[in-house]
Amino acid sequence: MARWDEDRFLRVRREVLSQWPSGARVDLNESAAYHRAMPEARRVPWKLAWAQEHGQTLVQPRAGVAGLEQHIALLRILEQAGADFLPTTVDSYTRERRYADAQRGLEQSLVERRSLLNGFPAVNHGVDGCRRVVESVNMPLFVRTAAPDCRLTHEVAVAGGFTACTAGPIVFSLGYAKDYPVQNAIEAWQYTYRMVGWYAERGVDLNVEHYLAISTMVPHAIALACAILDSLIAAAQGVRDITVGFGQQCHLAQDAAALRVCARLCRRYLDAAGLSGVRLSTLMTQWMGGFPPDEGQAFAVICLGAVAAYLGGATDMVTKSAQEAAGIPTPEANAAGVSASKMVLRMLADQKLAPIPEIAREEAILEAEVTAIVDRALELGDGDATLAAVRGIEAGIIDVPFSPHRANANKALPARDWRGAVRLLRPGQVPIPKEIQEYHQAELARRLEHSPSRLPWELLLEDVNAISRGMLLERSG
Amino acid sequence: MARWDEDRFLRVRREVLSQWPSGARVDLNESAAYHRAMPEARRVPWKLAWAQEHGQTLVQPRAGVAGLEQHIALLRILEQAGADFLPTTVDSYTRERRYADAQRGLEQSLVERRSLLNGFPAVNHGVDGCRRVVESVNMPLFVRTAAPDCRLTHEVAVAGGFTACTAGPIVFSLGYAKDYPVQNAIEAWQYTYRMVGWYAERGVDLNVEHYLAISTMVPHAIALACAILDSLIAAAQGVRDITVGFGQQCHLAQDAAALRVCARLCRRYLDAAGLSGVRLSTLMTQWMGGFPPDEGQAFAVICLGAVAAYLGGATDMVTKSAQEAAGIPTPEANAAGVSASKMVLRMLADQKLAPIPEIAREEAILEAEVTAIVDRALELGDGDATLAAVRGIEAGIIDVPFSPHRANANKALPARDWRGAVRLLRPGQVPIPKEIQEYHQAELARRLEHSPSRLPWELLLEDVNAISRGMLLERSG
Amino acid sequence: MSTATLVTGVIGADIHNIGLRILETALEDAGFKVVSLGILATPDEFVRAAVEVSADAILVSSLNGHGELECPGLRGKCQEGGLEGIILYVGGNLVVGKQPWEDVQGRFLAMGYDRVYPAGTTPRQVILDLTNDLAARKGTTP
Amino acid sequence: MSTATLVTGVIGADIHNIGLRILETALEDAGFKVVSLGILATPDEFVRAAVEVSADAILVSSLNGHGELECPGLRGKCQEGGLEGIILYVGGNLVVGKQPWEDVQGRFLAMGYDRVYPAGTTPRQVILDLTNDLAARKGTTP
Ligand code: B12
Ligand code: B12
């Protein structure tokens, strides 16, 4: 996992930029100068640092439509609603590097005057399109994409003035790919990280955000292990500003605990790997599983997400809208998700409800679990995070429930316990420490008491659907 | 505060029933028989007991329109959304016993096909109209009115099959009257309580709900003192099922603490007065002050209310809608307030986040304050709750900020402290124990540090408006 | 700083006094003499008080939604009482439910109110309008 | 208990597999033979697999909103591949945003799908429809 030398980076770069005509426009030096001319307050890393200093939790929605003007109009509405960061969610074609299809979708969208794409085709809009976006709003921007290979998107978006991107070879392989080899994804991401490092060397800080988006019933320990390994890989290429996080599971103590431990643990592994000088911040995205179609219920999930972010002291929270179950939200519905979330955070900001013993308990459990998983993976990888990832996945040490990736073991079987906490019913090869696994079993047994005849997968289906049906735990009767 | 003998009750009753033609239809014995024939599950007292046994928090909205059919349609939508109790909010004319004006408003509403009244004119619809309502839905019903004298409304509504009513001479004098003497209000309420007692003697349990609705910046201690004294007055007339509560102040620890102490304290005073055999339950109504016009922000207030109700283990919670600031909500908006609230409660139900030390701390403070106020009032009243109320108000021992009543002292001046908790900046004659008042001052000082030049009333205005402007504490800058 | 006299109150069967109290505090702070009727004030009480103190304006608050039922006729009563041309403001949650503001405003202007305010109006705005309207009546600039 | 063979997959640049996995589990439980292509399946892959296993039906899942861009043409490819009259279902969040269901359904029926399902459809419903449709093809009653 040695740092790529600049030659290698620049060699691969030629090929990356040739994937679509807009690549030719990207000029690293010109971009670095563009970034250096931006006011600090419009840069993600600066604002994250500011938020940490002031104990604030920042909020950003997800949003993206095909057309440039429409996208700008959308972002302005979100800015108005109080978003601290603005997103640019990239469409699925762009994620899969199907730029010609994205072009077709973009053109058809302009003709039909509605977005047929589920996001903003950043590569097709090119560097100047991205700069139009960045210059049309006041808040710092994230480019939100997710795939095993996002190199061209990041070249274009960063040159376009974006100061943060979603990232990670492990989180994006296991979450967004089927047969793209993990090893290859790592290389693709090392490229992006190296690019971020290149900017950093020139005084241009960019933030990189690591979290496992597929998180329906994924225990926080597994998600954090992935984010930490990705962070090690990133830092090795010179990334200096990293956010680590996970998706809300709707159990307040577990969610808050995960926020409280994640940066601390990540720091510990960075230090052990001799990777110093990295700024860390934390993120929680609101519930990433199926949402309730009822909009009142959806607001409940959103607001409980904000309560958890407050209890855990998140630096950043990604919000959902009350239309989540129905489809891409209207700008207004998206804005209401932002304003509800911000309101909860503003109202709780000073209340100092902590310490809460239950959160501390979940912290201790989680810390032991994450440590066990990452240690074991690093052991398999002879201390190298890239090998740890590949071999850890192969060995089922890292095993993400519901992952669409063929390399994923699919042996770990989660379930909610009687209090709604996500536990491992069957750990598979995930190296959960013995006492903790016994605790999981005991807590799960209390739930199973009330439904003794159920098969594990029936339980899982029940848990997957519960929130969209308006509850955390299905009730018998 | 001796129990009225039946003769006195029946004598006054003739006059009460003659206030409007529909009074003639009320036949106590026939009504008692009607109630006895109702299934238990459709009675408020039964359902409150069930909820307490099962550790559940029930939810009810407020709602009422002029027309009978429209009102039924409205209640069915709320039932559909998951309301555990159904309301019938009575219009302002009926509250002020202006039945002829209510009749005019009702008729005009039917002509214009929209409700010109802000509630359901229960007296005008009469016993049979009320029974149509009760028989058209499956959930138990509350009649929600508020005035110094609600006797005829309660005669009609209870005969109409309602099994609970909002009540209280002190809470309704200080909250809803200008110059109606407190002494007279007590008599009017003793009548209603005696009526409830009359039914109870015949095996028909009815619930009576006591809370101070005017609660913008009213410290919980003052509100609970009022509700407890009202409960003593009620129980003395034979009421056997009482709910005590207050309005959410949006400080989680204070709200949860108030829920945790209110029934316990009320029981202590009932016991001391030799009033046994009363079933007590607890209530919190969601924020009763000005709401934010932004609907996302309004959902945040609503959901935080539900979080507080969960933390405090409320038996019942009255919900608001996201249209609160705009006016009487559409049935759908009202329903969304119910479903958001229920969703939060369902999701948190099993999580067992307690114990939370901060809540225990506020409990101790509150218990000491309430005890000091009620003890002092009872002392002034020579142990008689009715005299305690009259003299306590006269002496400013009970002093409700913003009360429109002329008898109210208006010397107590509240403010939020640096953490958003409501404290007394100036206690006036409210007998807050010395150490606690010092604590209030210290906590307030930490807030004032950041705004040293402000006058107390400027601070109050700031606090009154903060939530409707989207925050708990106004920020400088 | 104005020295005009105002009569304020919450009209009809309405008990919402918090908004009006805040407004009154601000008006007094701005130098107005405020005579407050408090809650549950009848149209007759408004007129009687205004005559008694020779008020320059009457400010009517109505939040509970019964504005359409309570507020018509006040202008007529003022005229009968000899308060020809007195400034009449009304404000609050004037009708039942969420209705387009233009409609609501139109209805109350038609009743003879000089200005109509939605809930959430700031005292600053009211003071500004009053100062202008009073000056206009006197033919001066504020 | 059915013994029919189904080809399932998530079409196009779409990676949402949770819903389909759950559906597949339920279908297998109900006795169907399920051949799953997983995520990111192209129309050609659907046809190739269906030919290979002589499938009775193809179930296409599309959640990411690109259904309108990815789903047209599959019926034509089936016919070219010799899968005359094969049962074609499609389901998920088929279009971008919240659109009236009748419109959406109409668009996909016009593309040649036999049945169109919104997100949130229960496996029970799908099993019922499949059982009926398969029986109808064979001219039997289920
Ligand atoms: C607090 C409150 C109460 C308290 C009142 C306490 C009190 N003594 O004032 C209590 C709980 C007792 C109460 C009771 C009822 N309420 Co209420 N209440 C509210 C609430 C939540 C806030 C009002 C408030 O204090 N706002 C804060 C102040 C500072 O703002 P403001 O009132 O808007 O006042 C400012 C401006 O509007 C302006 N202003 C006000 N008047 C005037 C007049 C003039 C001339 C001018 C220029 C400016 C002006 O200046 C003020 C200062 O800036 C509102 C909804 C909301 N806004 O969120 C409902 C609301 C007003 N209530 C309502 C109703 C229906 C009732 C009840 C009938 C029944 C019920 N909901 O249970 C009873 C009233 C019974 C009766 N006889 O009137 C409805 C009215 C419906 C409508 N118009 O469509 C509302 C809108 C709630 C709703 N959405 O249903 N209520
Ligand atoms: C979980 C989720 C994700 C996970 C996916 C994890 C995974 N591997 O599956 C992650 C986080 C990775 C993800 C990513 C994205 N997502 Co997504 N996601 C969701 C979410 C929240 C839940 C989906 C889900 O799992 N539901 C639970 C299952 C059990 O239900 P179901 O999917 O409805 O499936 C049932 C039925 O529909 C039916 N069914 C499904 N398919 C079929 C097919 C047939 C033939 C039949 C008969 C029945 C049937 O059977 C299933 C079992 O009952 C939905 C919104 C929602 N529903 O709340 C958005 C949603 C589907 N995603 C969306 C989008 C846009 C994306 C992204 C493009 C970008 C983003 N939002 O960041 C990327 C996708 C990138 C890509 N290349 O595709 C949009 C789609 C927009 C639209 N259609 O208008 C949605 C609706 C969110 C939104 N409102 O914007 N997402």
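Residues numbered from 1 in each chain as written. Chains lettered and ligands numbered in written order. Predicted model: local features only at pLDDT ≥ 70, side-chain atom pairs only at ≥ 80, totals over all residues. Heavy atoms only, no water.

Draft legend 1. The arrangement of the coordination of the cobalt atom of ligand 2 in detail. With respect to protein ligation, the cobalt atom of ligand 2 binds only D:His16 (NE2), at 2.1 Å. Structurally, the position occupied by D:His16 is in the loop between β1 (5-10) and α1 (18-29). (Donors = N, O, S within 2.8 Å, 3.2 Å for Na, K, Ca; no water. Helix = DSSP H or I, 4+ residues; strand = E, 2+ residues; numbered from the N terminus.)

Draft legend 2. Geometry of the interface of chain A and chain B. Counting from both sides, the interface comprises 39 residues of chain A and, opposite them, 39 residues of chain B. Taken together, both faces of the contact between chain A and chain B bury some 3400 Å²; the carbon and sulfur share is 70%. The interface formed by chain A and chain B holds zero salt bridges in total. Secondary-structure elements contributing two or more residues to the side of chain A that touches chain B are α12 (252-272), α13 (295-312), α14 (331-348) and α15 (357-380) of chain A. Taken together, the residues that form the side of chain A that touches chain B break down as 26 nonpolar, six polar and seven charged. (Contact = heavy atoms within 4.5 Å. Buried area = accessible area lost by both parts, 1.4 Å probe. Salt bridge = Lys/Arg side-chain N within 4 Å of Asp/Glu carboxyl O. Nonpolar A, V, L, I, M, F, W, Y, C, P; charged D, E, K, R; others polar.)

Draft legend 3. Fine view of the side chain of B:Asp350. By secondary structure assignment, the location of B:Asp350 is in the loop between α14 (331-348) and α15 (357-380). The class of B:Asp350 is buried, set by a relative accessible area of 18%. Not counting chain neighbours up to four residues away, the residues in contact with B:Asp350 comprise A:Trp418, A:Arg419, A:Leu473 and A:Arg475. (Buried < 20%, exposed > 50% of the residue type's maximum accessible area, 1.4 Å probe, protein only.)

Draft legend 4. View of the packing of aromatic side chains. Scanning the entire structure with this criterion turns up 21 aromatic pairs over all chains. A centroid spacing of 5.9 Å and a plane angle of 45 degrees characterise the contact between A:Trp189 and A:Tyr193, whose relative ring orientation is tilted. Residue A:Trp189 and its partner A:Tyr193 are located together in helix α10 (residues 182-201), separated by four residues, close to a single helical turn. Aromatic pair A:Phe299 and B:Phe299: ring centres 4.0 Å apart, planes at 10 degrees, arrangement stacked. Taken as a pair, A:Phe299 in helix α13 and B:Phe299 in helix α13 (residues 295-312) lie in two separate chains rather than in one. Among the aromatic side chains, those forming a connected cluster through ring pairs are A:Phe172, A:Tyr176, A:Trp189 and A:Tyr193. (Phe/Tyr/Trp six-rings, centres within 6.5 Å; stacked < 30°, edge-to-face > 60°.)

Draft legend 5. How the structure looks around the arrangement of the chains. Of all three pairs of chains that touch, the greatest number of contacts is found between chains A and B. The smallest C-alpha distance separating chain C from chain D is 25 Å, and no contact links them.

Draft legend 6. Molecular detail of the site of ligand 2. Neighbouring ligand 2 are 46 residues; A:Phe291, A:Glu324, A:Gly327, D:His16 and D:Asn17 lie closest to it. Nearby residues place ligand 2 at the junction of chains A and D. D:Ala13 places a polar main-chain atom, nitrogen or oxygen, 2.8 Å from a nitrogen atom of ligand 2. One of the backbone N or O atoms of D:Val95 is found 2.9 Å from a nitrogen atom in ligand 2. (Near = heavy atom within 4 Å. Polar contact = N/O pair within 3.5 Å; in protein donor to acceptor, adjacent residues only side chain to side chain.)

Draft legend 7. Structural view of helix α11 (residues 220-236) of chain A. Residue and element names in this part refer to chain A. The first and last C-alpha atoms of α11 sit 24 Å apart over 17 residues, in line with the 24 Å expected at 1.5 Å per residue. Taken across its 17 residues, α11 has 17 buried, putting it largely inside the fold. Trailing α11 by a residue or two, Gly238 shows a phi angle of about 105 degrees, which is positive. (Expected span 1.5 Å × (residues − 1).)

Draft legend 8. View of the sheet that holds strand β5 (residues 115-118) of chain D. Residue and element names in this part refer to chain D. On the basis of which strands lie adjacent, the open sheet formed by five strands has the order β2-β1-β3-β4-β5 and parallel pairing. At either end of the open sheet lies a strand with only one pairing partner, and these are β2 (33-36) and β5. Averaged over all pairs of adjacent strands, the angle between strand axes in this sheet comes to 20 degrees, irrespective of strand direction. Against the sheet, α1 makes contact with β1, β2 and β3 (57-61), and its axis sits at roughly 170 degrees relative to β1, the strand it touches most. (Pairing = 2+ DSSP bridges. Axes fitted to C-alpha atoms, helices over the stretch in contact; angles between N-to-C directions.)

Draft legend 9. Highlighting the domain arrangement of chain A. All names here are of chain A. By the assigned domains, chain A splits into domain 1 (6-348) and domain 2 (411-477). Opposite the 15 residues of domain 1 that make contact, domain 2 presents 18 residues. Between domain 1 and domain 2, the buried area comes to about 1300 Å², and carbon and sulfur atoms account for 70% of it. It is Met217, His251 and Gln254 in domain 1 that bury the most area against domain 2; as a group they hold 43% of the surface buried on that side. Linking domain 1 with domain 2 are zero salt bridges, by the criterion used here. Residues of the side of domain 1 that touches domain 2, tallied by class, amount to nine nonpolar, six polar and no charged. (Domains from an automatic or database assignment.)

Draft legend 10. Looking closely at the pattern of salt bridges. Counting across every chain of the model gives 88 salt bridges over all chains. Where A:Glu462 meets A:Arg447, a salt bridge forms, and the shortest distance between an N and an O atom there is 2.6 Å. Here the residue A:Glu462 occupies a position in helix α18 (residues 456-466), and A:Arg447 occupies one in helix α17 (residues 434-448), the gap between them amounting to 15 residues. For A:Glu462, a relative accessible area of 10% translates into the label buried. Given a relative accessible area of 7%, A:Arg447 falls into the buried group. Put simply, B:Arg132 and B:Glu69 hold a salt bridge, and the shortest N to O gap is 3.2 Å.

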